[in-house]
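So the chains spell out like this:
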Amino acid sequence: DGGITQSPKYLFRKEGQNVTLSCEQNLNHDAMYWYRQDPGQGLRLIYYSQIVNDFQKGDIAEGYSVSREKKESFPLTVTSAQKNPTAFYLCATPSGGGNTGELFFGEGSRLTVL
Amino acid sequence: EDKVVQSPLSLVVHEGDTVTLNCSYEVTNFRSLLWYKQEKKAPTFLFMLTSSGIEKKSGRLSSILDKKELFSILNITATQTGDSAVYLCAVEANSGYALNFGKGTSLLVTP
């Protein structure tokens, strides 16, 4: 089945450690997005990529980094520079394969910093 | 700066009640407004509205967009406990690169 897979689902890290969240899609879509969600908050855009080997900062990119070396993969690294990394992270791609419009989300990765 | 404001932020109702969730927005070059339902993990798509006054309906859920007054409502009739979730509103601009989300409305339906 075509879809978008995030891993791990749950992750714990100590302060000062970098951690990488995986996002893989087998839909052959160009655009991919990373959003962050905090309790009682909506989704805020971290990074997005509209084509392989290219990506752009979203509204809250500080303390995060991404790469887009392959069309199907868009990993997100949460660096030690991110002051409040505990959150729910969602990866998404447009359902229709174009840009924006209806988004199809992965199941999310919940990161907790101890 | 684009804004999406949802109200109320939380709501508790009894099974069988009808609820109305609100979403107002300010966005340059509006393209579409979308509603999502989020239970525990991934938001799932409900509706996309692009034209004013058109009602989208799916079972007990319906939504309408007012482009003149810049708001949308999501109606749920005969609520069930399975409707308990966070409902997210998002707006897309023609010149935008991603959806702009509101904070969501947390709905709890009690038996």
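Definitions and limits used
Residues numbered from 1 in each chain as written. Chains lettered and ligands numbered in written order. Predicted model: local features only at pLDDT ≥ 70, side-chain atom pairs only at ≥ 80, totals over all residues. Heavy atoms only, no water. Patch = residues over 30% accessible without salt bridge, like charges linked within 9 Å, V, L, I, M, F, W, Y side chains within 5 Å. Areas by Shrake-Rupley, 256 points an atom, 1.4 Å probe, with all protein chains shown as cover. Salt bridge = Lys/Arg side-chain N within 4 Å of Asp/Glu carboxyl O. Buried < 20%, exposed > 50% of the residue type's maximum accessible area, 1.4 Å probe, protein only. Core = buried A, V, L, I, M, F, W, Y, C linked by side-chain atoms within 4.5 Å. Helix = DSSP H or I, 4+ residues; strand = E, 2+ residues; numbered from the N terminus. Contact = heavy atoms within 4.5 Å. Buried area = accessible area lost by both parts, 1.4 Å probe. Polar contact = N/O pair within 3.5 Å; in protein donor to acceptor, adjacent residues only side chain to side chain. Nonpolar A, V, L, I, M, F, W, Y, C, P; charged D, E, K, R; others polar. Disulfide = S-S within 2.5 Å.

Draft legend 1. Geometry of a nonpolar patch on the surface. Side chains of Tyr10, Phe12 and Leu114 of chain A sit close together on the surface and give an oily, nonpolar patch of about 400 Å² of accessible area. Its relative accessible area of 54% is what places Tyr10 of chain A among the exposed residues.

Draft legend 2. Summary view of the nonpolar core. Residues and elements named next belong to chain B. Formed by 21 residues in total, the largest nonpolar core has its most connected members in Tyr25, Leu33, Trp35, Tyr87 and Leu107. Contributing elements (two or more residues each) for this core: strand 3 (19-26), strand 4 (30-38), strand 5 (44-49), strand 7 (61-66), strand 8 (71-76), strand 9 (85-93) and strand 11 (105-110). Residue contacts for Tyr25: discarding those within four places in its chain leaves Lys3, Val4, Phe30, Leu33, Leu65, Asp66, Lys67, Leu70, Phe71 and Val91.

Draft legend 3. Quick peek at the pattern of salt bridges. Applying the stated criterion to the full structure yields 7 salt bridges over all chains. Its salt-bridge partner being Asp38 of chain A, residue Arg36 of chain A comes within 2.9 Å of it at the nearest N-O pair. Each member of the pair, Arg36 of chain A as well as Asp38 of chain A, carries the same accessibility label: buried. With its nearest N and O atoms 3.9 Å apart, the salt bridge here joins Glu26 of chain B to Lys3 of chain B. Linking Glu26 of chain B in strand 3 with Lys3 of chain B in strand 1 (residues 3-7), this pair joins segments that are 23 residues apart in sequence.

Draft legend 4. The arrangement of the interface of chain B and chain A in detail. In this complex, chain B contributes 19 residues to the contact, which on the side of chain A involves 23 residues. Roughly 1,700 Å² of surface becomes buried between chain B and chain A when both sides are summed, with 57% attributable to carbon and sulfur atoms. Applying the counting criterion to the chain B and chain A interface returns 3 residue pairs in polar contact (both at pLDDT 80 or more). Going through the elements one at a time, strand 4, strand 5 and strand 9 of chain B are the ones with two or more residues in the side of chain B that touches chain A. Here the side of chain B that touches chain A takes 4 residues from strand 4 of chain B, the largest share from any one element. Classifying every residue of the side of chain B that touches chain A gives 11 nonpolar, 3 polar and 5 charged.

Draft legend 5. Region of the structure containing the state of the cysteines. Evaluation of the coordinates by the stated rule reveals 2 disulfides over all chains. In this model Cys23 of chain A forms its disulfide with Cys91 of chain A; the gap between the sulfur atoms is 1.9 Å. Across the S-S bond of Cys23 of chain A and Cys91 of chain A the torsion is about -75°, and the bridge reads as left-handed. A residue pair is termed long-range when its members are at least 10 positions apart, and Cys23 of chain A in strand 3 (residues 19-25) and Cys91 of chain A in strand 9 (residues 87-94) qualify at 68 residues. The pair formed by Cys23 of chain A and Cys91 of chain A is uniform in burial state, with each residue classed as buried. A sulfur-sulfur distance of 2.0 Å marks the disulfide that ties Cys23 of chain B to Cys89 of chain B. Negative torsions about the S-S bond denote left-handed disulfides, and the value of about -70° found for Cys23 of chain B with Cys89 of chain B makes this one left-handed.

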